[in-house]
Amino acid sequence: MGKTSIFILPLWGTGHFIPMVEAGKRLFDINDSFSITVLVVQPPHPSTISNLQSYINEVSSTKYGAGICFKYLPLTDPPADFQDPVDFVSLFLQLHAPHVKAAIADSTTPVSALFIDFFATTIIDVANELGIPAYIFFTSNAACLALNLHLPALEKKIPFDFEEMEGEVDIPGISPIPAMCLPTSIMNKKSRSYGWFVYHGKRFLEAKGVIVNTVLELEPRLLEAINDGRCVEDQSTPPVYPIGPVIKFTDVGKHDCIEWLDAQPPSSVVFLCFGSMGCFDPPQVKEIAVGLERSGHRFLWVLRSPTVTGEIRHPVDADLEVMLPEGFVQRTKERGLVWPRLVPQTEILSHKAVGGFVTHCGWNSILESLWFGVPTIPWPLYAEQRLNAFEMVRVMGVAVELKVARKREVFVEAGELERAVRRLMEDSEERKKVKEKVDEMRAACRQAVNGGGSSYAYLQRLAQELSKATA
Ligand code: UDP
């Protein structure tokens, strides 16, 4: 059998790039005649590629180097005019269309598919021009996919901005959701990000399939609603492939945080980490410090500080002396560690000393917490994280609620964090129930990716489709 070529176009953010490549690795495990080319979009701020570079080197140096190669697309000027991060990434990816076309046209073997990040649906035009099936890779969950697909219908039903709504919104497959739990990017209909969400959702319907990093057993009602067409009007939904959890496991060996955890009792530490973009201004940092100190529990807190490059706010390594309240480190040194830069999160979550996780609710972080059976406190910050938090607390029951004041800015008071940490870490009926649910989900995730599991079966089905395309 000849080689089957697949091209993958991810967004450069780790939460998108890594799951798409990891999914490529799993396809290669199923069928090593797949030849996978990852098209690497070079981000406008070179600092953001450095994390990816070590990941790319790592993949290339393993057995996957035989089946997966990385092709850097030419440096491209960022859009001159943009309004928000969703607008920026959607426009920036669109500007790469000629490069994507040239890279695929160069392929010496027949191309059976182009997997595109869900912010890159404009690139479906390139796939159409080249006569190649396009698959959407949805790095978030089925709840967000259902919302995306349903947004055009909601638009007709709800004539005003979600940010003005007090009530709830119906999305097929999930309980009515308070409007304030919808993704930040769609709260205002006049915003460009809202326009992009509607645009991308409509274009998903043109794809040959939608690959989702979720698990059938985690979101059964939502996947059923998507599959039976309840999310869209007058059109059919392409086949959906829930193949998750696609997780990148780290094993960095000796790391100060792991060594510190080695010295702590089992399930005693609450771990706080806020994804690749989470960072706080000084007043919020102070509230967290006070809340943790008062809770009396052990903690490992990843604290990074905000900076702005080219109008985009993002975190950098923190200067802890400047960021933390005076005397905090001294007073908590017997039971706490504040770490000023990125950590090997999966390794930390897998550590027996970790008993709880305060998370920003990025979908990858949620999947990782479920995989390792760690109950959470959701502290949503941006993107679709409020929707994820709602699903974790109200639908899945795997988290203890944190009251987040969020008319515009997210703010959590020390007392509220202290209460949530106590509820998460101390014996109670609530903690027992949450832990039971988490353990159930942990088992479901592990079962799904094994031979005979639902995600494995979907991946096999996808692999067969791809092989047929070049047979
Ligand atoms: N991550 C990590 N170390 C950190 C922060 C994040 O390894 O200090 C990883 C985390 O394990 C996850 C990814 O980065 O796999 C973040 O993805 P997620 O979807 O949770 O959030 P995003 O960063 O996309 O908002």
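Residues numbered from 1 in each chain as written. Predicted model: local features only at pLDDT ≥ 70, side-chain atom pairs only at ≥ 80, totals over all residues. Heavy atoms only, no water.

(A) Region of the structure containing the packing of helix α10 (residues 282–295) against helix α16 (residues 414–425). Between α10 and α16, the least distance of the axes is 8 Å, while the angle of their chain directions is 40 degrees. Of the possible angle classes, the one that applies to α10 and α16 is oblique. Crossing handedness for the pair α10 and α16: right-handed. Of α16, the residues touching α10 (which contributes E287, I288, V290, G291, L292, R294 and S295) are A414, G415, L417, E418, V421 and R422. Along the lines of polarity and charge, the residues of the contact of α10 with α16 split into six nonpolar, three polar and four charged. (Axes fitted to C-alpha atoms, helices over the stretch in contact; angles between N-to-C directions. Helix = DSSP H or I, 4+ residues; strand = E, 2+ residues; numbered from the N terminus. Parallel < 35°, antiparallel > 145°, perpendicular 65-115°, else oblique. Left-handed = near helix turned anticlockwise from the far one by under 90°. Contact = heavy atoms within 4.5 Å. Nonpolar A, V, L, I, M, F, W, Y, C, P; charged D, E, K, R; others polar.)

(B) Spotlight on the sheet that holds strand β5 (residues 134–138). Strands sit in the order β3-β2-β1-β4-β5-β8-β9 across an open sheet of seven strands; the sheet is parallel. Either end of the sheet is taken by a strand with one partner, and the two such strands are β3 (68–72) and β9 (240–242). Between one strand axis and the next, the sheet turns through 25 degrees on average, direction left out of account. Sheet topology places β5 next to strand β8 (residues 209–212); four bridges connect them, and they run parallel. Bridge pairing in β8 places F137 opposite I211. Helix α1 (residues 14–30) contacts β1 (4–9), β2 (34–40), β3, β4 (111–117) and β5 of the sheet and is inclined by roughly 170 degrees relative to β2. (Pairing = 2+ DSSP bridges.)

(C) View of the pairing of β5. For β5, the tally of buried residues reaches five of five residues, placing the bulk of the element in the interior. The alternating pattern of β5 places A134, I136 and F138 on one face and Y135 and F137 on the opposite face, and all of these are buried. In this structure, β4 lies alongside β5, joined through four bridges in parallel fashion. When the sheet's bridge partners are listed, D117 is paired in β5 with F137. For the handedness criterion, the β-α-β arrangement of β4, helix α5 (residues 124–130) and β5 is classed as right-handed. (Buried < 20%, exposed > 50% of the residue type's maximum accessible area, 1.4 Å probe, protein only. Right-handed = clockwise from strand over helix to strand, strands pointing away.)

(D) Spatial organisation of the pattern of salt bridges. One pass over the full model with this rule turns up 26 salt bridges. The shortest N-O distance in the salt bridge between K25 and E22 comes to 3.0 Å. Highlighted residues: K25 and E22, both in helix α1, separated by three residues, approximately one helical turn. Of the residues examined, K25 reaches a relative accessible area of 13% and is grouped as buried. When the shortest N-O distance is used, the salt bridge between K254 and E259 registers 2.9 Å. Salt bridges here are not isolated pairs; linked through shared partners, they connect R294, E418, R422 and E426. (Salt bridge = Lys/Arg side-chain N within 4 Å of Asp/Glu carboxyl O.)

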